[in-house]
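Read off the chains here:
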Amino acid sequence: MKSVTRKATRHVNQNEGLIFEKSSAGKAAWKLPPLDVPEVDTQKLLGSSERKDLGNMPEVSEIEIIRHFTRLSTWNYAIDLGMYPLGSCTMKYNPRVNEVVSRLEGLANGHPYQPEKVSQGALRIIKTLSECLIEITGMDAITLQPAAGAHGELTGLLLVRAYHQSKGHPRKKILIPDSAHGTNPATAATVGYAVENLKSDARGMVDVAALAAQMNEDVAALMLTNPNTLGVFEQDIAKIADLMHAKGGLLYMDGANMNALVGKVRPGDFGVDLMHLNLHKTFSTPHGGGGPGSGPVAVKKILEPFLPKPVLITKADGTLGFEYDRPQSVGRVRAFYGNFGMFIRALAYTLANGPDGLRQTTEDAVLNANYIRKGLEGAYDLPYSTPSMHEVVFSDKLQGKKGVHTMDIAKRLIDYGFHPYTTAFPLIVPGALMIEPTESESTEEMDLFIEAMRSIAQEVEEDPEMVLAAPHTTRVSRLDEVAAARKPVLRWKPS
Amino acid sequence: MRYLPKSPADREAILKAIGARSIDDLFAPIPAEYRLNRDLKVPRQMAESELVDWFRERSRENGDGYATFLGAGAYYHYRPVIIDSLISRGEFLTAYTPYQAEISQGTLQSIFEFQSMICELTGMEVANASMYDGSTAAAEAVMMAVRLTGRRSVVVARSLHPEYREVLATYAFHQGMPVATAGFSDTGRLDLKELEKSVDQNTACVLIQSPNFFGTIEDVDAVAEIAHKNGAMLVVSIAEAVSLGIVEPPRQADIIAMEAQSFGVPLGFGGPYCGVIATREKYVRQMPGRLVGQTTDRNGKRGFVLTLATREQHIRREKATSNICTNQALVALMANIFMTIYGRVGLRELAKQNLAKAAYAAQQFGKHAKVLFSGSPRFNEFVVQTSEDPYAINGRLLGHKIVGGLPLKKFYPELGNAALWCCTEMTTRTIIDTAVGLVAESERSVKSAKEADVEEVAR
């Protein structure tokens, strides 16, 4: 085995069982203050609704909990440890000041139903963030209610439907490029639309001729990710928008890749009618192991009447408040007002950057992706030579000849101290390696990554079996996913 | 910009390495007429200290230091400090969805423990890794029941959180699912006679909340019987998770859709919270959302992976059980740590304190105003009907830095001057007595005004 592991080195980590395995009766990590009201007879109050036993819930002490979760945490890779180049996931630095300001007492303990008079701080945050996002996207109005990107898509398509319905007919289909993320077709189905695939051309872009042929009065909207999942800017965007609009359709933009555009170009300016943003991608809110996210939807004027309610307004006396009387609204998509804690973080990020910082961030993100592309060209197959924006997609074509595929290369990359790139997506590239470094990587970190990837390419030539057995340095080796799905064990039970 | 790890020289060097003359070359694919040749009109770059000051100011404008009697789907419970110490570890905070299991075992094992504890508490056999919140979890649970039964319509209790009902209406409308509502009786519980009439052979499920929006515990057995004898499923929404410490879980339910915010998640003006769906094992393949399962590695060592992904959008695209992708993992971790801290005994004691505080408060309010639905068992919320508009009473309470109960006129006009009050372990007797005092004063002044009117007329 060739050893060029410069970034990572083996380190001791602690074994740790399940919390239930540490439990024993009588241990406790809690203490309640003495009750200042009379004790109650629970049997009398609850009758047959009283619960007598909490089953196998654990009983452990505080230090055990600290060690348990700290040990578990050390088994995770994280942005804080290094480059996390998952394509289309935008794993950028999550600023710590965001965490501090979101925990300020009045914001963290604000109840969603407290009177507007004592909610002006929260409402001001919602308003300021809304204004920033409207300016960044070049749109006219926004809702922050959706809880994540896919939820934003759902909201967006509800708006599309309501818009067409208001013209007399909701239409039947949504066009979705074959390079799209899986949530796009899943969302269209949820809203009751049929999905029609749109094929990409040789450049990896929307095939404009195909679009022209497929576009008709049955199509409600085109869901387009721009830059698309190949990291390619849709250069015919103006034509695409015109084709949609000419037949009364709408152009929906999936803003997952907005990190390539902020401060450089605005979707509202190039014909997009509505779009969602992922605050947990472009606007630095932490992914937290899979959420929470936040998926605001920004729209053009024509769609504003349909936005989910309530809508934030400035009242006659200058204070902020919510308006619930929205007769054309699609309704609510979530209780309360959305993932407010994420709004705070996204706004803190925007304010920390300012216009110059946001632009520089975008430029660095694109610069980094192109540096990675240059560094890996030759070692890996580049299926589309179209210029890259914020991410680059290679394929495992060269390595496939030795029986090594993108997932194997990804697993080997772990041994070099990196989180893998996105594997096997987009679907239009067989064996895809989708790499998005974001702006948060220094040249040094990227050089280590390039060196690791080149080294793996060499290992594939010299010792493919070793790569196929990777990772070699992790706590657990490759896990049996087939067995996990065939006979699911989804919870602990006492033996 | 302080987050960017590059010097101007680094940028120059990269441009040179990739053979670009300037950064503009890289943006050439964007048609020139659309490129933004000006600064974005957003506030200028702020120093960290300015940023903290700005948000501190917003925090002060946001009810900082007020005691609250608000619940209604968002509950103010104490959050043990180690929750934030642990979730602030970068390895949890800044990790992605655990698709690469070998370097995500921390997240995966903790989700497995979360699923296990939710099962213990709800009496269900499987639970998912989280949903956005209680409202969307309820809507997704209903759609799950529709898939499982092959039936299209839904009967919803009017005692379900009004905003949850609104969310369901949004989801159901576009699925072409008819939604009927069954009212509540003067016990504050679902009107079973009305339910009997609403459920038929087309009903996929009955959706109720328990404890319901008024804090009243539903007669789940009776509701289950009506649903099941018609071949419909029972979906139970639980908005106040702490109730599970002392209230028998709805074991007769087929699906439980809960909100775990009460388990150590800050109120945060409404989110992020943590929805969860729990159900029977036989229904798992129609369950939406991520699931973690136990398995072994090549050496037979125990490990955890995301499993049953064939239900999900990234595999099934338009045929997926749901379009959900990102969930609420970090919030679920908060709930997980909270459940671990309180555990088998603590959670019951905590729930008991909530019960005692609410019982005391309801009794005190009852001396001066009308407490509705008092014949039924309740957890930590209750409805008080006053002579005066609760908004007016709340206005005076604010002067004492107290946020009063939620006026219900907007959601339930038939209840008149009613408000929903909530007491948790955080509500002190002093605050309860102050609030009761102000309500008593209001009742007295309304009464004496009435008497004055009567005298006026008599004269």
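The rules behind the values
- Residues numbered from 1 in each chain as written.
- Chains lettered and ligands numbered in written order.
- Predicted model: local features only at pLDDT ≥ 70, side-chain atom pairs only at ≥ 80, totals over all residues.
- Heavy atoms only, no water.
- Helix = DSSP H or I, 4+ residues; strand = E, 2+ residues; numbered from the N terminus.
- Buried < 20%, exposed > 50% of the residue type's maximum accessible area, 1.4 Å probe, protein only.
- Contact = heavy atoms within 4.5 Å.
- Areas by Shrake-Rupley, 256 points an atom, 1.4 Å probe, with all protein chains shown as cover.
- Lys, Arg positive; Asp, Glu negative; His and termini not counted.
- Charge placed at Lys NZ, Arg CZ, Asp CG, Glu CD.
- Expected span 1.5 Å × (residues − 1).
- Domains from an automatic or database assignment.
- Buried area = accessible area lost by both parts, 1.4 Å probe.
- Salt bridge = Lys/Arg side-chain N within 4 Å of Asp/Glu carboxyl O.
- Phe/Tyr/Trp six-rings, centres within 6.5 Å; stacked < 30°, edge-to-face > 60°.
- 1 Å grid on protein atoms, 1.4 Å probe; cavity = no way out; pocket = protein on both sides within 12 Å on 5 of 7 lines; lining within 4 Å.
- Points joined across faces, edges and corners; volume = space filled by probe spheres on them.
- Nonpolar A, V, L, I, M, F, W, Y, C, P; charged D, E, K, R; others polar.
- Core = buried A, V, L, I, M, F, W, Y, C linked by side-chain atoms within 4.5 Å.
- Pairing = 2+ DSSP bridges.
- Right-handed = clockwise from strand over helix to strand, strands pointing away.
- Axes fitted to C-alpha atoms, helices over the stretch in contact; angles between N-to-C directions.

Colleague: Can you break down the overall build of chain B residue by residue, with the values?
Modeller: Along the backbone of chain B there are 14 helices and 15 strands. Its C-alpha atoms put chain B at 100 × 55 × 50 Å along the principal axes. Scored against the burial criterion, the 459 residues of chain B give a buried share of 66%. A fraction of 71% describes how many contacts in chain B between residues 6 or more apart in sequence connect residues 24 or more apart. Total accessible area computed for chain B in this model is approximately 15,600 Å², and 50% of it derives from carbon and sulfur atoms. In chain B, 51 positive and 52 negative side-chain charges are present, and the distance between their average locations comes to 3 Å.

Colleague: Can you tell me about helix H7 (residues 134–149) of chain B, naming the residues and giving the values?
Modeller: End to end, H7(B) covers 22 Å across 16 residues, agreeing with the expected 22 Å (1.5 Å per residue, within 8%). Once H7(B) finishes, Gly150(B) follows within two positions and takes phi at roughly 70°, a positive value.

Colleague: Give me the lowdown on the domain arrangement of chain A, citing residues and values where you can.
Modeller: Residues and elements named next belong to chain A. You can read the domains of chain A as domain 1 (19–75), domain 2 (98–350) and domain 3 (362–481). Taking the mean C-alpha position of each, domain 2 and domain 3 sit 31 Å from one another. Facing the 24 residues of domain 2 at the interface are 20 residues of domain 3. Across the domain 2/domain 3 interface, buried area totals approximately 1,600 Å², and carbon plus sulfur atoms make up 61% of it.

Colleague: Account for the domain arrangement of chain B, naming residues and giving values.
Modeller: Residue and element names in this part refer to chain B. Domains assigned within chain B are domain 1 (82–339) and domain 2 (344–458). Using C-alpha coordinates to define each centre, domain 1 is positioned 31 Å away from domain 2. Counting each side, the surface lost to burial between domain 1 and domain 2 is near 2,000 Å², with a carbon and sulfur contribution of 70%. Put simply, domain 1 and domain 2 have one salt bridge between them. Across the pair Glu414 and Arg158 runs a salt bridge whose closest N-O atoms are separated by 2.7 Å. Element by element, the count of residues in the side of domain 1 that touches domain 2 is highest for helix H8 (residues 162–175), at three residues.

Colleague: Would you mind going over the packing of aromatic side chains in detail, with residue names and values included?
Modeller: Residue and element names in this part refer to chain B. In total, this model carries 30 aromatic pairs over all chains according to the counting rule given. With 4.7 Å between their ring centres and 40° between their planes, Phe112 and Phe304 make a pair best called tilted. Linking Phe112 in helix H6 (residues 105–122) with Phe304 in strand S10 (residues 302–306), this pair joins segments that are 192 residues apart in sequence. For Phe112, a relative accessible area of 0% puts it in the buried group. Residue Phe304 is classed as buried on the basis of its relative accessible area, which comes to 1%. Of the aromatic side chains, those joined through ring pairs into one cluster are Phe184, Phe213, Phe214, Phe373, Phe411 and Tyr412.

Colleague: Hey, could you go over empty space enclosed by the protein for me, with residue numbers and the actual values?
Modeller: Following the criterion strictly, the structure yields 10 cavities of 30 Å³ or more and no others. The calculated volume of the largest cavity comes to roughly 260 Å³. Along the walls of the largest cavity sit 24 residues, with Gly341(A), Arg345(A), Pro266(B), Pro272(B) and Met334(B) positioned nearest its centre. Those elements giving two or more residues to the lining of the largest cavity turn out to be helix H3 (96–102), helix H4 (105–108) and helix H10 (340–376) of chain A together with helix H4 (82–87) and helix H12 (329–366) of chain B. The element best represented in the lining of the largest cavity is H10(A), accounting for five residues. Tallied by class, residues from the lining of the largest cavity come to 15 nonpolar, four polar and five charged. Here the second largest cavity is characterised by a volume of approximately 80 Å³. Lining of the second largest cavity is provided by Gly288(A), Gly289(A), Phe92(B), Thr107(B), Ser110(B), Ile111(B), Phe114(B), Ala329(B), Leu330(B), Ala332(B), Leu333(B) and Asn336(B). Elements with a contribution of two residues or more to the lining of the second largest cavity: H6 and H12 of chain B. Here the lining of the second largest cavity is built from residues that sort into seven nonpolar, five polar and no charged.

Colleague: Give a description of the interface of chain A and chain B that names residues and reports values.
Modeller: Contact with chain A, which involves 207 residues of that partner, is made by 179 residues of chain B. Summing both sides of the interface, chain A and chain B together bury roughly 16,800 Å²; the carbon and sulfur share of this comes to 64%. Among the residues of chain A in contact with chain B, Arg51(A), Tyr113(A) and Leu490(A) are the three that bury the most area, contributing 5% of the side total. Across the chain A-chain B interface, the total number found is 14 salt bridges. Glu59(A) is the salt-bridge partner of Arg344(B), the closest N and O atoms lying 3.1 Å from each other. With 27 residues, H10(A) is the largest single contributor of residues to the side of chain A that touches chain B. Looking at side-chain class alone, the side of chain A that touches chain B contains 111 nonpolar, 56 polar and 40 charged residues.

Colleague: Give me the lowdown on the nonpolar core, citing residues and values where you can.
Modeller: Counting 323 residues, the largest nonpolar core has Phe55(B) and Phe263(B) as its most contacted members. Examining the composition of this core, we find that 21 residues originate from one element, H12(B), more than from any other. Residues within four places of Phe263(B) in sequence aside, it is in contact with Leu121(B), Ala241(B), Val242(B), Met258(B), Met334(B), Ala335(B), Phe338(B), Met339(B) and Leu347(B). In this structure, Leu230(A), Val232(A), Ile428(A) and Ala432(A) belong to the second largest nonpolar core, which totals 10 residues.

Colleague: Tell me what's going on with the pairing of strand S4 (residues 179–182) of chain B, and back it up with residues and numbers.
Modeller: Residue and element names in this part refer to chain B. Direction of pairing for strand S3 (residues 153–157) relative to S4: parallel, over a ladder of four bridges. Within S4, the residue paired with Val154 across the bridge is Val179. Between the parallel elements S3 and S4, the chain passes through H8 in a crossover that is right-handed.

Colleague: Break down the sheet that holds strand S6 (residues 233–238) of chain B for me, with residues and values.
Modeller: Residues and elements named next belong to chain B. Strand order in the open sheet formed by seven strands is S2-S8-S7-S6-S5-S3-S4, with mixed pairing between adjacent strands. The sheet is open, and its two borders are formed by strand S2 (126–127) and S4, each paired with just one other strand. H7 rests against S3, strand S5 (203–209), S6, strand S7 (255–259) and strand S8 (275–279) of the sheet, and its axis sits at about 165° to S7.

Colleague: Help me get a handle on unusual backbone geometry, residues and values and all.
Modeller: Of note, the bond from Gly291(A) into Pro292(A) is cis; its omega dihedral lies within 30 degrees of zero at 5°. Positionally, Pro292(A) belongs in the loop between strand S6 (274–277) and strand S7 (297–299). The omega torsion across Ala470(A) and Pro471(A) is 0°, close enough to zero to call that bond cis. By the element assignment, Pro471(A) lies in the loop between helix H14 (464–468) and helix H15 (481–486). A positive phi angle is found at Ser88(A), which is not glycine, with a value near 65°. Summarising the element assignment, Ser88(A) is placed in the loop between helix H2 (62–73) and H3. With phi around 55°, Ala72(B) is a residue other than glycine that occupies positive phi space. Looking at the secondary structure, you find Ala72(B) in the loop between strand S1 (67–68) and H4.

Colleague: Please give an account of the sheet that holds strand S11 (residues 370–372) of chain B that cites residues and values.
Modeller: Residues and elements named next belong to chain B. Pairing within the open sheet is antiparallel, and its four strands lie in the order S11-S12-S15-S14. Looking along the sheet, the strands with just one partner apiece sit at the ends: S11 and strand S14 (406–407). Where strand S12 (residues 381–385) and strand S15 (residues 418–422) come together, five bridges link them in antiparallel fashion. If you follow Phe382 over to S15, its bridge partner there is Trp421. Helix-sheet contacts for H12 involve S11, S12 and S15, and the interaxial angle to S12 is about 10°.

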